Amino acid sequence: IPKIRNVDDANNPITNWSKGAQHVRNGGYAFEIHFDSYREYGFGSGLIPALTSKHNLIDESFAQSFGRYPLFFRGGLGAPRRGIRLLEIAKLEGELEANLRDPDTSEKTIDFIAKKVVKALENGLLKKI
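Now for a description of the structure that goes with this document. Computed from a predicted model, the values in this text were never measured in an experiment.

1. Quick notes on the pairing of strand β3 (residues 85-91)
Remember that side chains alternate between the two faces of the sheet whenever the strand is regular.
Alright, step 1. For β3, the tally of buried residues reaches six of seven residues, placing the bulk of the element in the interior.
Alright, step 2. Relative to β3, strand β1 (residues 31-36) runs parallel, the two being bridged by five bridges. Residue D36 lies in a different strand from β3, and its bridge partner there is K91.
Alright, step 3. Where strand β2 (residues 46-48) lies against β3, three bridges are found, and the strand directions are antiparallel. Bridging from a neighbouring strand, I48 pairs with L86 of β3.

Here it is as structure tokens:
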């Protein structure tokens, strides 16, 4: 697990990008889960694919469950250039943000999102797409 979360130096060996890229080079599958940007800056849910790896069944399953972004989205982002996929869950605003912030609905909302991510992973791994 990376020691720091910010990627101020993309080549720092302890960042999530460096750890993820090493995992991919060793044959693993790496992805980051994000909530997409707010309002006019966001595009919504979807998988931003890795630029350095061929698409696989897990990619296809995530794309079916969440949507898909173009291969060179925004010219190719840092993580995808390192073989790390980005899974945008949704735009963090409106009902989603309200449900995450409300103590009465936050756990249920997180559980729903987590189960959707795990189901997509499972479908890709078990070739159920």
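2. Things to note about the side chain of S106
Alright, step 1. As for its position among the elements, S106 is in helix α5 (residues 106-125).
Alright, step 2. Among the residues examined, S106 registers a relative accessible area of 17% and is labelled buried.

3. Some details on the sheet that holds β2
Alright, step 1. A sheet is described by the order of its strands in space; here three strands give the open sequence β1-β3-β2, paired in mixed fashion. Pairing within the sheet leaves two strands with one partner each, and these edge strands are β1 and β2. Neighbour to neighbour, the strand axes of the sheet diverge by 25° on average, direction disregarded.

4. What about α5?
Alright, step 1. Here α5 contains 20 residues, and its C-alpha end-to-end distance of 29 Å stays within 8% of the 28 Å for a straight helix at 1.5 Å per residue.
Alright, step 2. Those residues of α5 not exposed but buried are S106, T109, I113, V117, A120, N123 and G124. Taken end-on, α5 shows its buried residues confined to a sector of 150°, consistent with a single buried face. The outward face of α5, more than 90 degrees from its buried face, is lined by the exposed residues E107, K108, K115, V118 and L125.
Alright, step 3. Packing partners of the buried residues in α5 comprise β1, α2 (57-66), β3 and α4 (94-101).
Alright, step 4. In the segment just after α5, K127 is the residue with positive phi, at about 55°.

5. A word on the packing of α4 against α5
How two helices sit against one another is set out by the angle between their axes and by the gap between those axes.
Alright, step 1. Running from N to C, α4 and α5 point in directions that differ by 120°, and their axes come no closer than 6 Å. Taken together, the axes of α4 and α5 lie oblique to each other. Of α5, the residues touching α4 (which contributes L96, N99 and L100) are S106, T109, I110 and I113.
Alright, step 2. For the contact of α4 with α5, the per-class residue count stands at four nonpolar, three polar and no charged.

6. Quick notes on the nonpolar core
A general tendency of soluble globular proteins is for nonpolar side chains to be buried together.
Alright, step 1. Core analysis: the largest hydrophobic core is formed by 13 residues, its most contacted members being F62, F66, L87, I89, L96, I113 and V117.
Alright, step 2. Aside from chain neighbours lying at most four places away, what touches F66 is S45, G46, L87, E88, I89, K116, V117 and A120.
Alright, step 3. Residues A30, Y69, F73 and L86 belong to the second largest nonpolar core, which totals 11 residues.

7. A look at the environment of T52
Alright, step 1. On the secondary structure map, T52 appears in the loop between β2 and α2.
Alright, step 2. As a C-alpha pair, T52 and E122 span 70 residues in sequence and 23 Å in three-dimensional space.
Alright, step 3. Excluding anything up to four places from it in sequence, T52 contacts P80, R81, R82 and G83.
Alright, step 4. Reaching out from T52, the side chain makes a polar contact with the backbone nitrogen of G83 at a distance of 3.2 Å.

Scoring rules and cut-offs
Residues numbered from 1 in each chain as written. Predicted model: local features only at pLDDT ≥ 70, side-chain atom pairs only at ≥ 80, totals over all residues. Heavy atoms only, no water. Buried < 20%, exposed > 50% of the residue type's maximum accessible area, 1.4 Å probe, protein only. Helix = DSSP H or I, 4+ residues; strand = E, 2+ residues; numbered from the N terminus. Pairing = 2+ DSSP bridges. Axes fitted to C-alpha atoms, helices over the stretch in contact; angles between N-to-C directions. Expected span 1.5 Å × (residues − 1). Arc of directions from axis to C-beta. Contact = heavy atoms within 4.5 Å. Parallel < 35°, antiparallel > 145°, perpendicular 65-115°, else oblique. Nonpolar A, V, L, I, M, F, W, Y, C, P; charged D, E, K, R; others polar. Core = buried A, V, L, I, M, F, W, Y, C linked by side-chain atoms within 4.5 Å. Polar contact = N/O pair within 3.5 Å; in protein donor to acceptor, adjacent residues only side chain to side chain.

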